[in-house]
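An overview of the molecular structure
If you want the building blocks of each chain, they are given just below.
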Amino acid sequence: MTRQTPLSAECSDASSDASSKNKELWYVVRSKPRQEKRAFAQLDNQGMQPFLPEVKLTRVRRGKRQQVTEPLFPGYLFVTLSNYDEQFHKIRNTFGVANLLRFGDKPATIPAELIEQLKALTDDCPAVEYLNKADTPQVGDLMEVIDGPFAGLLARIIMLDGDARCVVLLDWLQQEVRATFSYDELRRAGQ
């Protein structure tokens, strides 16, 4: 058994740092439901380097459109580890963390280049705009009425009326009838 001197330890650490920079791996952490931010804070407090990609989306809440920040991948975040074997058990016992994502005995890894691309995402990129448009009711969407005397009927949005309401066409008694509903009274057809 050879003993390392402080100088040789620094040299070996420097060479391993250079190789780890080139091959830095990120691990996928599965969080408990809706506890991504808690898991992020706890991993950060333990000195690890977590990453939680988030996007700002427009959601309809209580009949009003609101800007909210949500995880890009609900239930998942990423962490890079300096020593996987040593930190594996720390991660599993962290508040908000369910487990590390694994395939058999091997942990799921993500290359650093992909994480850098995720960090470069901005709120005005086409993917984020698509997420906003896909979730917010738009003109032409087929909706189902879930509340009131018209519950169960299908309606097509023909006009948005402010932040809380929309005008729809109902197929009622073999006629198309215009009606105004709040977003609370509607949901996407088939959901």
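Attention in this report is confined to the structure presented alongside it. Quick caveat: nothing in here was measured; it's all calculated off a predicted structure. (Residues numbered from 1 in each chain as written. Predicted model: local features only at pLDDT ≥ 70, side-chain atom pairs only at ≥ 80, totals over all residues. Heavy atoms only, no water.)

Let us now look at the environment of glutamate 36. Tracing the sequence through the fold places glutamate 36 in helix α2 (residues 36-45). Note: C-alpha distance between glutamate 36 and leucine 52 (16 residues apart in sequence) is 7.6 Å. Look past the residues within four positions of glutamate 36 in its chain and what remains in contact with it is Ser31, Leu52, Pro71, Pro74, Gly75, Tyr76 and Leu77. (Helix = DSSP H or I, 4+ residues; strand = E, 2+ residues; numbered from the N terminus. Contact = heavy atoms within 4.5 Å.)

This brings us to helix α3 (residues 84-92). Taken residue by residue, α3 has Tyr84, Gln87, Phe88 and Ile91 as its buried positions. Taken end-on, α3 shows its buried residues confined to a sector of 130°, consistent with a single buried face. Exposed side of α3, more than 90 degrees from the buried face: Asp85 and Glu86 are the residues found there. As for α3, its buried residues are in contact with β1 (25-31), α2, β5 (76-80), β6 (97-100), β7 (102-103) and β8 (106-107). Where α3 begins, the side chain of asparagine 83 points an oxygen toward the backbone nitrogen of aspartate 85, at a separation of 3.3 Å. (Buried < 20%, exposed > 50% of the residue type's maximum accessible area, 1.4 Å probe, protein only. Arc of directions from axis to C-beta. Polar contact = N/O pair within 3.5 Å; in protein donor to acceptor, adjacent residues only side chain to side chain.)

One open sheet holds the 5 strands; their spatial order is β13-β12-β11-β10-β14, and the pairing between them is antiparallel. At either margin of the open sheet sits one strand with a lone partner, and together these are β13 (175-182) and β14 (186-188). Ignoring which end each strand starts from, the neighbouring axes of this sheet average 45° apart. Alignment of strand β12 (residues 165-172) against β13, held across 8 bridges, turns out to be antiparallel. Among the inter-strand pairings, tryptophan 172 is bridged to a residue of β13, identified as glutamine 175. (Pairing = 2+ DSSP bridges. Axes fitted to C-alpha atoms, helices over the stretch in contact; angles between N-to-C directions.)

Attention now moves to the packing of aromatic side chains. Overall, the coordinates contain 7 aromatic pairs when judged by the stated rule. Judged by centre distance (6.3 Å) and plane angle (85°), the rings of phenylalanine 150 and phenylalanine 181 are edge-to-face. Taken together, the positions of phenylalanine 150 in the loop between β10 (142-145) and β11 (154-161) and phenylalanine 181 in strand β13 put the pair 31 residues apart, joining distant regions of the chain. Take phenylalanine 150: its relative accessible area is 22%, and that puts it in the partly exposed class. Assessed through its relative accessible area of 6%, phenylalanine 181 is described here as buried. Of the aromatic side chains, those joined through ring pairs into one cluster are Trp26, Phe51, Phe73 and Phe78. Here the basic side chain of lysine 119 rests over the ring of phenylalanine 51, its NZ or CZ set 5.4 Å away from the ring centre. (Phe/Tyr/Trp six-rings, centres within 6.5 Å; stacked < 30°, edge-to-face > 60°. Lys NZ or Arg CZ within 6 Å of the ring centre and 35° of its normal.)

Let us look at the side chain of glutamate 144. Residue position: glutamate 144 is located in strand β10. When neighbours within four sequence positions are excluded, glutamate 144 is seen to be in contact with Gly152, Leu153, Leu154, Glu185, Leu186, Arg187, Arg188 and Ala189.

The next point concerns unusual backbone geometry. A positive phi angle, near 55°, is found at arginine 34, a position not held by glycine. Mapped onto the fold, arginine 34 is located in the loop between β1 and α2. Its identity as a non-glycine residue notwithstanding, glutamine 174 has a phi of 60°, on the positive side. Secondary-structure assignment places glutamine 174 in the loop between β12 and β13.

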